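# Understanding the architecture of this molecule
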Amino acid sequence: QELRVGIVGAGAIGADHARRITERTSGAKVVAVVDPNEERAREVAAIAGGADVLTAVDALIATERVDAVMICSPGRFHEAALLPALQARLPIFCEKPLTPDSASGERVLEAEQRLDRPHIQVGFMRRFDAEYMRLRELVASADAGELLMIHAAHRNARPTNPEYVQQNLIDDSVVHEFDVLSWVAGSPVRSVTVRQGRRNSLSLPHLHEPILVLMELDNGVLVDVEMNVSAQFGYQVTTEAVFEKGVARIGQPSGLELWQEGAFRKAEHTYYDTRFAQAFDTEVQRWVNAVRDGRLVDGPNAWDGFQVALACEAGVEALRTGRTVDVRPATIPEFYAPRVSPAS
Ligand code: ISE
């Protein structure tokens, strides 16, 4: 029995997931698309070969024709879709961020904890990227000694949408580094500092960037991130990890190398959909498999999403004040604690 998926939000990532489920994921099909913009919903429904078109989440749930939902709307609309879906006990794949702030995140966690087990997987796709996975293994194995520092750069050719505002540098973009780098390092973010330097005159008029974000992790590892959304040349996400006995680098351009006319060329990505194509495909297939076999979640859960919301909150305040801001500590509820199988 194929998993019947409803997609909420027919923007770029909604369309991307509709295509992924339809063309590259086994065991699932898109049966409905919801968007207040009916025209957009229709376009995405067409990608899925003619799914139902609806303009509200409640209407989708009322049809009782979906087994699971993928929430692909902008972060500020997530809570309004998550709460009714949880109430209907539907398994949920929620794009990042879970919610943009911790107050709404708390309401979502509360609602989820009324169910028998976690139902939400959060779309931090970088955890499924083969290179990040490899780097995490290297840290855990201590083969190169202990991890000391991480230097990262997150560069977009230009902002991913026209409504992108200054705070989104943190809560829409660095949100990924908060999640994946603390996952790689095996330690949560303790504090955040943000510096604004020389402005790129090619940025949107209301943006002041690139910015430099400094995170301190609980285990003392320092992470610096250049967040740059007007890099023009392409899409690049690089990470250099410094260990006691070595240095590891991921996110370098790969593929064809071309020497021609006195120059050397190697293609670079232009957008996140190709840079993280493998990660997105693996993430969604694993989620579908988990829902079908009853585990419901196989990847970052709502607790991970909430921790990132806390880090973003500190990051936004650090951006506003120029100060180092501590991340509000939070204790993991029993509900989210990794289930340990009984000793045999
Ligand atoms: C966008 O929403 C993403 O999630 C991309 O991965 C990221 O590179 C970009 O900065 C965000 O705006």
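You'll find the structure just up there.
The structure contained in this document is the topic of the report that follows. The model shown is predicted, which means the values in this text are computed figures rather than measured ones.

Now for the packing of aromatic side chains. As enumerated under the stated definition, the model contains nine aromatic pairs in all. Here the aromatic rings of tyrosine 235 and phenylalanine 276 are separated by 6.4 Å at their centres, their planes lie at 90 degrees, and the arrangement is edge-to-face. Placement of tyrosine 235 in the loop between β10 (222–228) and β11 (236–243) and of phenylalanine 276 in the loop between α8 (272–275) and α9 (277–292) is noted, with a sequence separation of 41 residues between them. Phenylalanine 276 shares its class with tyrosine 235; the two are buried. Their ring planes at 35 degrees and their centres at 4.6 Å tell us that tyrosine 271 and tyrosine 272 sit as a pair that is tilted. On the accessibility criterion, tyrosine 272 (16% relative accessible area) is buried.

What follows deals with unusual backbone geometry. In this chain, lysine 96 is followed by proline 97 through a cis amide linkage whose omega measures -10 degrees. Relative to the helices and strands, proline 97 resides in the loop between β5 (92–95) and α5 (102–112). Look at the link from glutamate 209 to proline 210: it is a cis peptide, with omega at 10 degrees. Take proline 210: it is sitting in the loop between β8 (189–196) and β9 (211–217). Of note, glutamate 64 is a non-glycine position whose phi angle comes to about 55 degrees, a positive value. Mapped onto the elements, glutamate 64 comes out in the loop between α3 (57–63) and β4 (68–71). For alanine 142, which is not glycine, the phi torsion reads 60 degrees and is therefore positive. Locating alanine 142 in the fold gives a position in the loop between α6 (130–141) and β7 (147–155).

With that settled, the discussion passes to the sheet that holds strand β15 (residues 325–326). Pairing is mixed across the open sheet formed by seven strands, whose spatial order is β12-β11-β7-β10-β9-β8-β15. Across the chains shown, the open sheet's two edge strands, defined by having one partner strand only, are β12 (247–250) and β15. Where β11 meets β12, four bridges bridge the pair, whose relative direction is antiparallel. Bridge pairing in β12 links valine 242 to valine 247. Helix α7 (residues 168–185) contacts β7, β8, β9, β10 and β11 of the sheet and is inclined by roughly 35 degrees relative to β9. In the packing of helix α10 (residues 302–321) onto the sheet, contacts are made with β8, β9 and β15, and the angle to β8 comes to roughly 30 degrees.

What counts and how
- Residues numbered from 1 in each chain as written.
- Predicted model: local features only at pLDDT ≥ 70, side-chain atom pairs only at ≥ 80, totals over all residues.
- Heavy atoms only, no water.
- Phe/Tyr/Trp six-rings, centres within 6.5 Å; stacked < 30°, edge-to-face > 60°.
- Helix = DSSP H or I, 4+ residues; strand = E, 2+ residues; numbered from the N terminus.
- Buried < 20%, exposed > 50% of the residue type's maximum accessible area, 1.4 Å probe, protein only.
- Pairing = 2+ DSSP bridges.
- Contact = heavy atoms within 4.5 Å.
- Axes fitted to C-alpha atoms, helices over the stretch in contact; angles between N-to-C directions.

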